[in-house]
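# A closer look at the structure
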Amino acid sequence: MELYLHIPFCKKKCRYCAFTSFPGQSGKMEPYVDALIREANQQKPFFPEKVETVYLGGGTPSLLPEALLSRLVQGIGEVFSLYDVAEFTAEANPGTVSVSWVRTAATLGVTRFSFGMQAYSEKDLNTLGRIHGYRDVCEAVSLARDAGADVNLDLIFGIPGQTLPDWRQTLEKALELSPDHISAYGLIPEPDTEMDRRLKSGEWELPDPDVERAMYDLAIRLLAESGLKQYEISNFAKPGKECRHNIGYWSQIPYLGLGLAAASMTPPLKASAGVTYQRLTNPDTFEDYFRLVSGPDSSLRTVETVSPPEARFETMMLGLRMAEGIREDRFASLHGISLQQAYGNKLEQFVRDGFLLWEDGVLRLTRKGMDFQNQVLVDLMP
Ligand code: SF4
């Protein structure tokens, strides 16, 4: 199984951010770390499998003081064995990392740092409200390399005011740092963010959809030319450097998420009508989270039972994100019915329309299908 630890602290809220993260809450860090360890103890009986990957996300994990980071990883390590962990990622904001933080994290077992570079130019970074510049990214990457870890850079395209040449420069500057992995996401303005308000008021404007599509095509081409192969709609890696943790999510491996707003997926249960599992979601305020872990009131955690048709749809939704697609035999062994039985004519129509490709027992999106994946998925919804 996979383990996710959410660190909801940030120095400043970015203008586009809808994640569960809060500036100015450093006084809560210590009780929060202790709460994470307590929650791990409480959830252990329901998640008995071996931990294969760990992901320390946020928020900004690199804001945790080293002593608390050590307390957290050691405390979790007393609950779950972390000896066999194949990949341990820590997200870090390039504006907040130090030599000693990176070294401490690596000593604690971090094998991979994920830095939110997002953009190159000051103009785009200002629009996003980021606290760092490109020099900080260069330094952060070199610290990670010195610590012997792999590096991911997160990038965003489709920023208000961003042009195709701006995006090309972001890609080129990211590639100059030779990352093992790049995640390139198209910006989706989230409700109730400063960016959303500025877009709605007309103060800012998103790039034209054709320009955004050209940005995505450019990313695929430039990254491939540099040896970063696309293995998922938004993710590119050198051979063997794909993010195992995320592949686990897309392959529906059970995961335990600890912390504010963290989600978990229980191991699958075989039901007469197919496979089913539960999805648990933690509360998203400190107050409710602290109450959840300190008392017996587990009603503060949302529990949703995923029905067999929903579980099958999730296999489609997540599996089609990956370049390797969905294997017919895996689908059948997971759900007890074949892809044809579940979706028959619809899939054949999508193949005829050029959105899906079905060959050698594998179903995957075509390049055209990647642009229209939402339409494909809406039609497959239960
Ligand atoms: S650093 Fe990340 S989590 Fe924090 S405010 Fe910015 S986008 Fe949100």
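Residues numbered from 1 in each chain as written. Predicted model: local features only at pLDDT ≥ 70, side-chain atom pairs only at ≥ 80, totals over all residues.

## Comments concerning the overall build of the chain
Selection criterion: In DSSP terms, a helix is any run of H or I states spanning at least four residues, a strand is any run of E spanning at least two, and both are numbered starting from the N terminus. Here the globule rule reads 2.2 Å times residues to the power 0.38, and the radius of gyration is calculated from C-alpha atoms. Here a residue counts as buried when 20 or more other C-beta atoms fall within 10 Å of its C-beta, as exposed when 12 or fewer do, and as partly exposed in between; the C-beta atoms come from the backbone.
Of the regular secondary structure elements, the chain holds 15 helices and 18 strands. Its C-alpha atoms give the chain a radius of gyration of 21 Å, within 12% of the compact-globule value 21 Å for 382 residues. The C-alpha extent of the chain, read off along each of the three principal axes, is 55 × 55 × 45 Å. Counting every position in the chain, which comprises 382 residues, the buried fraction comes to 37%.

## A few points about the domain arrangement of the chain
Condition: A domain assignment, automatic or from a database, supplies the domain bounds used here. Residue pairs qualify as contacts under a 7 Å threshold applied to their C-beta atoms, which are placed from the backbone. Residue classes follow a fixed rule: Ala, Val, Leu, Ile, Met, Phe, Trp, Tyr, Cys and Pro count as nonpolar, while Asp, Glu, Lys and Arg count as charged, and any other residue, Gly among them, counts as polar.
The domains assigned to the chain are domain 1 (2-247) and domain 2 (310-382). For domain 1 and domain 2, the distance between their C-alpha centres works out to 29 Å. Each side of the interface is counted separately: domain 1 has five residues, and domain 2 has five residues. Ranked by residue count, the leading element in the side of domain 1 that touches domain 2 is strand β9 (residues 229-232), at three residues. When the residues that make up the side of domain 1 that touches domain 2 are grouped by side-chain class, the tally is two nonpolar, one polar and two charged.

## Let's talk about the pairing of strand β11 (residues 255-258)
Note the following rule: Two strands form a pair only when DSSP identifies at least two bridges running between them.
Of the two faces of β11, both are covered, the one formed by Tyr255 and Gly257 as well as the one formed by Leu256 and Leu258. The sheet contact formed by strand β1 (residues 2-7) and β11 spans four bridges and is parallel. Across the sheet, Tyr4 pairs through a bridge with Gly257, a residue of β11.

## Thoughts on unusual backbone geometry
Cis geometry is adopted by the peptide bond preceding Gly59, which originates at Gly58 and carries an omega value of 15°. Of note, Gly59 is situated in the loop between β4 (53-58) and α2 (66-79). For Gln118, which is not glycine, the phi dihedral falls at a positive 70°. Of note, Gln118 is situated in strand β6 (residues 112-118).

## Some remarks on the environment of Pro31
Mapped onto the elements, Pro31 comes out in helix α1 (residues 29-43). Linking Pro31 and Phe290, residues 259 residues apart in sequence, is a C-alpha distance of 8.6 Å.

## Overview of the sheet that holds strand β17 (residues 356-359)
In space, the three strands of this open sheet follow the order β16-β18-β17, with antiparallel pairing throughout. A strand with exactly one partner marks an edge of an open sheet, and here the two such strands are β16 (326-327) and β17. Strand direction decides the pairing type here: β16 and strand β18 (residues 362-365), joined by two bridges, are antiparallel. Residue pairing for β18: Ile326 is matched across the bridge by Leu363.

## Observations concerning the packing of α1 against helix α10 (residues 286-294)
Note the following rule: Each axis is a line fitted through C-alpha atoms, taken for helices only over the stretch in contact, and angles between the N-to-C directions span 0 to 180 degrees. Should an angle lie under 35 degrees it is considered roughly parallel, over 145 roughly antiparallel, and from 65 to 115 roughly perpendicular; all remaining angles are considered oblique. It is the rotation of the near helix from the far one that decides the hand of a crossing: anticlockwise by less than a right angle makes it left-handed, clockwise makes it right-handed.
Contact geometry of α1 with α10 gives a least axis separation of 9 Å together with a crossing angle of 45°. One finds that α1 runs oblique with respect to α10. For the pair α1 and α10, the crossing hand works out as left-handed. Here Pro31, Ala35, Arg38, Glu39 and Gln42 of α1 lie close against α10, whose contacting residues are Tyr289, Phe290 and Val293.

## Remarks on the packing of helix α6 (residues 164-176) against helix α8 (residues 209-225)
The N-to-C vectors of α6 and α8 enclose an angle of 25°; their axes lie 10 Å apart at closest approach. Compared by their axis directions, α6 and α8 come out roughly parallel. Taken as a pair, α6 and α8 cross one another with a handedness that is right-handed. Contact residues: Leu164, Trp167, Arg168 and Leu171 in α6; Val211, Ala214, Met215, Leu218, Ala219 and Leu222 in α8.

## A closer look at the nonpolar core
Applicable threshold: As used throughout, a nonpolar core is a set of buried Ala, Val, Leu, Ile, Met, Phe, Trp, Tyr and Cys residues joined through C-beta atoms within 7 Å of each other.
By size, the foremost hydrophobic cluster in this structure holds 77 residues, and its most contacted members are Leu36, Phe115, Ala140, Leu155, Phe157 and Ile182. Non-local contacts of Leu36, meaning those with residues more than four positions away in its chain, are made with Leu5, Leu72, Leu258 and Gly259. Counting residues in each nonpolar core, the second largest holds 13 residues, with Leu320, Leu347, Phe350 and Val376 among its members.

## Structural notes on helix α3 (residues 99-107)
Along an α-helix, a turn takes 3.6 residues, which lines up residues three or four apart on a common side. We apply this condition: What the arc measures is the spread of directions leading from the helix axis to the C-beta atoms.
Within the sequence span of α3, burial applies to Trp101, Val102, Ala105 and Ala106. Projected down its long axis, α3 carries its buried residues within an arc of 130°, all on one side. Structural note: α3 exposes Val99, Ser100 and Thr107 on the side pointing more than 90 degrees away from its buried face. Following α3 by one or two positions, Gly109 adopts a phi angle in the positive range, close to 120°.

## Observations regarding the environment of Gly344
Residue position: Gly344 is located in helix α13 (residues 339-352). You can call Gly344 exposed: it has 11 C-beta atoms within 10 Å.

## Some words on α6
Quick note on the threshold: How far a helix is expected to stretch is found by multiplying one less than its residue total by 1.5 Å.
Across its 13 residues, α6 extends 18 Å between first and last C-alpha, which sits within 8% of the 18 Å expected from 1.5 Å per residue. A positive phi of about 55° marks Ser178, the residue just after α6.

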